[in-house]
Amino acid sequence: MWIGEAGGSARFHDHHALQISLAFSGTIRFRTRQHDWRSFSAAFVPPHLSHAFEGAAQFTAQVFIEPETLEGRALLTRFARDTIVELPVDEVALHANELRTLGLQEASASALQSAARQFVDGLGGGAQRPSVVDMRIERTIRSLWQSDQPVALGEAAAKVALSPGRFRHLFVEQTGQSFRSYQLWMRLQRAIEIISSGAAATDAAHSAGFSDAAHLTRTFRKMMGIAPTSVTID
C-alpha cells in the first residue's frame, strides 16, 4: 500500500496485482489502451490491464492485492471486468473511513496496514465464496516467497509432482502469467522493500536478483509506470 499525495502521473504499465485506488479528496484519473481519461473517486484496476494514472496531487491510497489470495479472489469475483470500474460509493465510505483518518494522521505503518486489511475484507465480504487456487500452485507460490534465489521451472514442478509441461500450463491457468514473469514480479516487490528501507537502487537491484539498477528501473517502469526511487511503501 502507498498513501499520501499522488502528484504527477504514471505512464502506461501493467502489473500482476489487482489495484484499488482511493481519492480521499477530489478525483484521480485513469486511462487504458481502449478508453480515454476518466475520473474516479474509487477505482478497481484488474490484474494485467495496461493503464496510465494521473493523481493531480490528490490525497490518495493505492492498495495492491495479490490475485491468488483469498481476498484477491473475493474482490475479483465481485468487481473484475475487462476495464477499470468505479467501486460502490456507499461501500467505500463505510469501509475506508478508518484508513482515511489514519492516513491524515500519518499513523504508523502497522496501523495503516490493519486499516487497509479491514477495508479490503469489507469490500470483498459481499462476494460469493470465491474459487481457490490449486493447492499445488499455492504451495509453489509460498515456497517462492520464502526463497532468496530464482527457482527453475523444472525444480518447482518436481516439488509438486507435476511434469514441467503440465506445471507450466497450470501455473498460467491459475495466476494469469508465466512462472518466469511471476518471479520477476516477486523480485520487484523485494527491490521496493529494500529501497524503502533506505538502500541505493543499485544495492536493491543486486539484492533482489536484477543484473543492475538499469534492469530494475526498466522493469519498474514497465510494471508500475514510474521510477523505483519515486516510491516508498508501508
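Residues numbered from 1 in each chain as written. Predicted model: local features only at pLDDT ≥ 70, side-chain atom pairs only at ≥ 80, totals over all residues. Heavy atoms only, no water.

Q: Just to check I follow, could you spell out unusual backbone geometry for this structure?
A: With phi around 65 degrees, H48 is a residue other than glycine that occupies positive phi space. Position of H48 relative to the elements: it lies in the loop between β6 (42–45) and β7 (51–54). According to the relative accessible area criterion, H48 is partly exposed, its value standing at 30%. A positive phi angle is found at A161, which is not glycine, with a value near 60 degrees. By the secondary structure assignment, A161 is in the loop between α6 (153–159) and α7 (164–175). (Helix = DSSP H or I, 4+ residues; strand = E, 2+ residues; numbered from the N terminus. Buried < 20%, exposed > 50% of the residue type's maximum accessible area, 1.4 Å probe, protein only.)

Q: Got a minute to help me understand the sheet that holds strand β4 (residues 28–32) in this structure?
A: Within a beta sheet, neighbouring strands are joined by backbone hydrogen bonds and run either parallel or antiparallel to one another. On the basis of which strands lie adjacent, the open sheet formed by four strands has the order β2-β7-β4-β5 and antiparallel pairing. Every interior strand has two partners, whereas the edge strands, β2 (9–13) and β5 (38–40), have only one. Adjacent strand axes in the sheet meet at a mean angle of 20 degrees, parallel and antiparallel pairs treated alike. Where β2 and β7 come together, three bridges link them in antiparallel fashion. Bridge assignment links S9 to a residue of β7, and that residue is E54. (Pairing = 2+ DSSP bridges. Axes fitted to C-alpha atoms, helices over the stretch in contact; angles between N-to-C directions.)

Q: Would you mind going over helix α5 (residues 135–146) with me for this structure?
A: One full turn of an α-helix is made of 3.6 residues, so residues set three or four places apart face in the same direction. Compared with the 16 Å implied by 1.5 Å per residue over twelve residues, the 17 Å span of α5 between its first and last C-alpha is a close match. Taken together, the buried positions of α5 are I137, T140, I141 and L144. The arc that holds the buried residues of α5, viewed along the axis, is 100 degrees, so those residues lie on one side. Along α5, exposed side chains directed more than 90 degrees from the buried face belong to M135 and Q146. As for α5, its buried residues are in contact with α6, α7 and α8 (179–196). Between a side-chain oxygen at the N-terminus of α5 and the backbone nitrogen of R136 the separation is 2.8 Å; the capping residue is D134. (Expected span 1.5 Å × (residues − 1). Arc of directions from axis to C-beta. Contact = heavy atoms within 4.5 Å. Polar contact = N/O pair within 3.5 Å; in protein donor to acceptor, adjacent residues only side chain to side chain.)

Q: Honestly, empty space enclosed by the protein in this entry has me stumped. Any pointers?
A: For the structure on display, the rule yields one cavity of 30 Å³ or more. Looking at the largest cavity, its volume works out to about 30 Å³. Around the largest cavity sit F30, R31, T32, H35, D36, R38, F40, T83 and I84, which together line it. Contributions of two or more residues to the lining of the largest cavity are made by β4 and β5. The element best represented in the lining of the largest cavity is β4, accounting for three residues. Of the residues that constitute the lining of the largest cavity, the class distribution is three nonpolar, three polar and three charged. (1 Å grid on protein atoms, 1.4 Å probe; cavity = no way out; pocket = protein on both sides within 12 Å on 5 of 7 lines; lining within 4 Å. Points joined across faces, edges and corners; volume = space filled by probe spheres on them. Nonpolar A, V, L, I, M, F, W, Y, C, P; charged D, E, K, R; others polar.)

Q: Help me out: how do you make sense of the environment of L22 in this one?
A: Structurally, L22 can be placed in strand β3 (residues 18–23). Using a relative accessible area of 1% as the deciding quantity, one classes L22 as buried. Here the alpha-carbon distance between L22 and Q62, two residues 40 residues apart in the chain, equals 6.5 Å.

Q: Would you take a moment to explain helix α4 (residues 109–124) for this structure?
A: Helix length check: α4, at 16 residues, gives a terminal C-alpha distance of 22 Å against a target of 22 Å (1.5 Å per residue), a fit within 8%. Residues of α4 that are buried: L112, A115, A116, F119, V120, G122, L123 and G124. The inward-facing, buried residues of α4 contact β1 (2–5), β3, β8 (59–65), α1 (70–79), α2 (89–95) and α3 (97–104).

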